[in-house]
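Structure assessment
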Amino acid sequence: MQHTRTWSDVYGSARALFEGRAGGHAWLVAAPPDLAAPLAEALECVDGKGRVALVVHDGLTPLLAALREEQPRGVIVVAEQALASGPAMTVPERQVEGDGAAYQEGGEFPAWMGDTGTEGPQSECAPASAAALLGLPVVVTTPAQVAQTLTAWMDRTPHGR
C-alpha cells in the first residue's frame, strides 16, 4: 500500500492514510504512540486493495472519532501482546487537556471477541472494547504482526485483496 497522506486530528492524534489498488475495503489500524514506530513501513509492505487508515492515539475519544469517521470493515488494534478476546471494562472518567481539543474520557465498554476465531490469551483491551462498542470486527496483534494480520484478514474477506 502506498502512504498518501499524514495529518493530525482535532485531538492531536497522528493520522495517516495508505491506499492500495482500486476496490477493496477500508481498514483501520489503531496504535498507542509507544508501539507506532514500525507501522508505516509494515503497512507499505501490504499488497492489497482498498485503504488503511492509521491512527496513533492516546485515549479512547480520538479512537472512537476515527472509527466513526473511517467506518472500517475491520480494526486492527496494536498491543504488546496478541489477544483473542477480552471482558467488558470500565475506563475511569477523566478530563484530557491535549494539544488539540480538551475532551472527556471514560465510560463502560463491552466485552469483545477477536475476528480471527482462534484461541489465545484473554485480557482487557480498551481500544478493542471501543471497536466492539461500535459493532466493528477487531483483531488485537503486535506491531511485528500487523502486515501479516492485515493480509490474512484481507484474504479471508470477499473482495478483500
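I will try to describe carefully the structure that is included in this document. Because the structure is predicted, anything quoted here is derived from the model rather than measured.

Concerning the pairing of strand β4 (residues 49–56)
With six of eight residues buried, β4 is to be regarded as a mostly interior element. Pairing of strand β2 (residues 14–19) with β4 involves six bridges; the strand directions are antiparallel. Bridge assignment links A16 to a residue of β4, and that residue is L54. Sheet topology note: the strand β3 (residues 21–31)/β4 ladder contains seven bridges and is parallel. Its bridge partner lying in β4, A30 is registered against V55. Handedness of the β3-helix α1 (residues 39–44)-β4 crossover: right-handed.

Details of the pattern of salt bridges
Taken as a whole, this structure holds six salt bridges when the rule is applied. Linking D9 and R15 is a salt bridge whose minimum nitrogen-to-oxygen distance equals 3.9 Å. Taken as a pair, D9 and R15 share a single burial class, namely buried. Here R15 makes a salt bridge to E70, at a shortest N to O gap of 2.9 Å. Taken as a pair, R15 in strand β2 and E70 in helix α2 (residues 60–70) lie far apart in primary sequence, 55 residues in all. Here E70 falls in the buried class, since its relative accessible area comes to 9%. One salt-bridge network, held together by shared partners, links D9, R15, R51, E69 and E70.

Section: the sheet that holds strand β10 (residues 138–141)
Strands sit in the order β1-β2-β4-β3-β5-β10 across an open sheet of six strands; the sheet is mixed. Edge positions in the open sheet fall to β1 (2–8) and β10, since each of these has one partner strand only. Between one strand axis and the next, the sheet turns by 20° as a mean value, whatever way the strands run. Running at roughly 170° to β3, α2 makes contact with β2, β3, β4 and β5 (74–78) of the sheet.

Analysis parameters
- Residues numbered from 1 in each chain as written.
- Predicted model: local features only at pLDDT ≥ 70, side-chain atom pairs only at ≥ 80, totals over all residues.
- Heavy atoms only, no water.
- Buried < 20%, exposed > 50% of the residue type's maximum accessible area, 1.4 Å probe, protein only.
- Helix = DSSP H or I, 4+ residues; strand = E, 2+ residues; numbered from the N terminus.
- Pairing = 2+ DSSP bridges.
- Right-handed = clockwise from strand over helix to strand, strands pointing away.
- Salt bridge = Lys/Arg side-chain N within 4 Å of Asp/Glu carboxyl O.
- Axes fitted to C-alpha atoms, helices over the stretch in contact; angles between N-to-C directions.
- Contact = heavy atoms within 4.5 Å.

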